[in-house]
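Chain and residue survey
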Amino acid sequence: MKKKNNTKIVREANRYIILNIIRHKQRLTIDSIQSLSKLSYPTVNKIVNELLDQQIIIKDGFADSSGGKPPVYLKLNTNNYFALGIDVEIPIIRFQLSNLYCDAVYTHKAVIDGEANKKNVLDAILSGLGRCLQEIENPEEKIIGIGVGLPGIIDLKKNISIYIERIKDWRNVDLIKIIQDKYNIPVYIRNDVHLMAWVESKFKTDNDRSFALIAMRAGTGMSICIEGDVYEGLYGNAGFLGHTTVAVDGELCKCGKKGCLDVYASKEAIVHNYQALPDARKDADFSTILDLASSGDELAVKVLTDAGKLIGVAIANSIEIIDVNHFILSGISCNNDHVFLESIRKTVKENVIFASVEEIKIEISEYDNETYALGGCYFIVEHFFKKPYLLLTFRQ
């Protein structure tokens with residue numbers, strides 16, 4: 001028996017159409033909604049009234065009238081529904097509360113003091129979450145969801161966080177259940193870099209929404225975005241770039257493997273390699289090393305050039321596999337013509353064989369680590385406005 005669309009799914013689809021028209025146009029009349037949606041006026045009127053009753057949309061003044069009662073403007077109610085994003089980057093945990101346009105309305109940051117173990121991290125997450133919820137009256141009614149970005153390995157089929165190498169005793173943690181045992185709010189976990197790609201994709205043109213985001217954080221992660229959709233993989237771990245092998249039988253990585261990219265070219269590795277050199281500044285962090293290289297410091301230039309070559313090889317391999325020619329680097333504070341990026345670009349061009357090297361674009365992200373929690377908000381809002389699955393049939 002063929003499956004058919006039921007009335008509920010069709011109604012949800014119509015609601016999706018109307019909500020997204022209001023969302024993207026921001027302020028318009030019911031006549032404009034009917035014209036843009038191509039739905040019948042009674043259908044539009046019924047759904048609009050339901051959205052008004054739920055206070056998802058509100059009336060916002062009157063349009064000019066050509067005679068008779070002036071039409072009412074409608075817009076999203078940005079003061080009644082909110083999304084919450086959490087970004088876990090040990091030892092820092094960031095929180096963002098946003099409205100339905102993903103404009104931040106409250107920001108909080110927690111720092112883990114001492115050992116990063118499971119208890120300390122969970123306590124910090126729940127404490128920061130509680131502070132955010134205090135900003136909203138009746139938060140369990142008004143917050144449409146919580147999006148948590150996690151490093152390490154997750155399992156979206158079981159909805160658990162399998163392993164985070166930087167958190168002691170963090171194994172098979174059901175963070176969703178832990179939060180929902182305390183708050184009656186939908187919770188979603190995702191890879192942290194995948195969530196940031198949502199932010200990047202929202203501000204790209206239609207011709208520029210296929211890219212790979214490489215984030216240099218505690219480790220090195222990658223998110224693949226194809227025409228605005230983030231590819232998560234089977235279990236939610238696609239793009240584990242930092243744990244791809246660049247040196248067979250190389251040095252031991254914290255993950256237990258040998259020769260991972262992170263051993264040689266992560267932020268931590270770059271700092272370690274620089275500080276190990278004679279005459280190097282022993283207090284230099286990653287940002288300082290970038291600045292020193294910009295000033296011509298030979299030691300900084302050498303370390304960053306070497307790291308750039310390995311990252312360039314990893315990017316070149318990614319191009320050969322996923323056939324994407326636009327790469328955005330996040331977590332790096334430098335100019336697009338910095339020696340670090342030039343080393344990456346040069347290596348990519350030397351190692352890509354089937355793509356036109358002139359078409360390969362590697363650039364610095366406009367967003368820094370402080371905006372990562374906003375990725376969780378974008379994911380929640382997109383889920384809220386998500387298009388229902390319709391079965392389409394065609395008559396011949």
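So, here is what we can say about the structure in this document. Values in this document were obtained by computation on a predicted structure and should not be read as measured data.

Scanning the chain from terminus to terminus reveals 13 helices and 16 strands. C-alpha atoms of the chain, sized along the principal axes, occupy 80 × 50 × 50 Å. Of the contacts made within the chain by residues no fewer than 6 positions apart, 61% connect residues no fewer than 24 positions apart. Carbon and sulfur atoms provide 48% of the accessible area of the chain, an area that totals close to 20,400 Å². Distance between charge centres in the chain, computed from 47 positive and 51 negative side chains, equals 8 Å.

Alignment of strand β5 (residues 92–98) against strand β6 (residues 104–111), held across seven bridges, turns out to be antiparallel. Paired with Ile 93 across the strands is Ala 110, a residue of β6.

Think of an α-helix as turning once every 3.6 residues; residues three or four places apart then point the same way. Given a rise of 1.5 Å per residue, 13 residues ought to cover 18 Å, and the 18 Å separating the end C-alpha atoms of helix α3 (residues 41–53) matches this to within 8%. Taken as a whole, α3 has its buried residues at Val 44, Ile 47, Val 48 and Leu 51. Projected onto a plane normal to the axis of α3, the buried residues spread over an arc of 105° and lie on a single side. Opposite the buried face of α3, at more than 90 degrees from it, the exposed residues are Pro 42, Lys 46 and Asp 53. If you follow the buried residues of α3, they end up packed against α1 (7–25), α2 (30–37), β2 (57–62) and β3 (72–76).

Mapped onto the elements, Ser 330 comes out in strand β15 (residues 326–330). For Ser 330, a relative accessible area of 1% translates into the label buried. Polar side-chain contacts of Ser 330 include one of 3.1 Å to the side chain of Tyr 372.

When you line up the elements, Gly 296 lands in the loop between α10 (286–294) and α11 (298–322). Using a relative accessible area of 48% as the deciding quantity, one classes Gly 296 as partly exposed. Separated by 43 residues in the primary sequence, Gly 296 and Val 339 have C-alpha atoms spaced 9.6 Å apart.

The tally for this structure, following the rule as stated, stands at 18 salt bridges. One salt bridge in this structure joins Glu 115 and Lys 168, with 3.5 Å as the shortest N-O distance. Placement of the pair is Glu 115 in the loop between β6 and α4 (118–133) and Lys 168 in the loop between β9 (160–163) and β10 (171–173), with a sequence separation of 53 residues. Of the residues examined, Glu 115 reaches a relative accessible area of 42% and is grouped as partly exposed. Under the relative-accessibility criterion, Lys 168 is labelled exposed at 51%. Within this structure, Asp 87, Glu 89, Arg 94, Asp 192 and Arg 217 form a network of salt bridges that share partners.

Time to look at the packing of α2 against α3. The interhelical angle for the contact between α2 and α3, taken along N-to-C directions, is 125°, at an axis separation of 10 Å. The orientation of α2 relative to α3 falls into the category oblique. The way α2 lies across α3 gives a crossing that is right-handed. Where α2 abuts α3, its residues Ile 30, Asp 31, Ile 33, Gln 34 and Ser 37 lie against Tyr 41, Val 44, Asn 45 and Val 48. Across the contact of α2 with α3, the residue classes tally to five nonpolar, three polar and one charged.

Next up on the list: the nonpolar core. Generally speaking, nonpolar side chains in soluble globular proteins are found buried as a group. Core analysis: the largest hydrophobic core is formed by 42 residues, its most contacted members being Ile 18, Ile 33, Val 48, Ile 57 and Leu 76. Where this core is concerned, the elements lending two or more residues are α1, α2, α3, β3, α7 (192–202), β12 (211–216) and α13 (372–384). If you tally residues by element for this core, the top one is α13, at seven residues. Ignoring anything within four residues of it in the chain, the contact list for Ile 33 reads Ile 18, Ile 21, Ile 22, Leu 28, Val 44, Val 48 and Leu 74.

What counts, and where the lines are drawn
Residues numbered from 1 in each chain as written. Predicted model: local features only at pLDDT ≥ 70, side-chain atom pairs only at ≥ 80, totals over all residues. Heavy atoms only, no water. Helix = DSSP H or I, 4+ residues; strand = E, 2+ residues; numbered from the N terminus. Contact = heavy atoms within 4.5 Å. Areas by Shrake-Rupley, 256 points an atom, 1.4 Å probe, with all protein chains shown as cover. Lys, Arg positive; Asp, Glu negative; His and termini not counted. Charge placed at Lys NZ, Arg CZ, Asp CG, Glu CD. Pairing = 2+ DSSP bridges. Expected span 1.5 Å × (residues − 1). Buried < 20%, exposed > 50% of the residue type's maximum accessible area, 1.4 Å probe, protein only. Arc of directions from axis to C-beta. Polar contact = N/O pair within 3.5 Å; in protein donor to acceptor, adjacent residues only side chain to side chain. Salt bridge = Lys/Arg side-chain N within 4 Å of Asp/Glu carboxyl O. Axes fitted to C-alpha atoms, helices over the stretch in contact; angles between N-to-C directions. Parallel < 35°, antiparallel > 145°, perpendicular 65-115°, else oblique. Left-handed = near helix turned anticlockwise from the far one by under 90°. Nonpolar A, V, L, I, M, F, W, Y, C, P; charged D, E, K, R; others polar. Core = buried A, V, L, I, M, F, W, Y, C linked by side-chain atoms within 4.5 Å.

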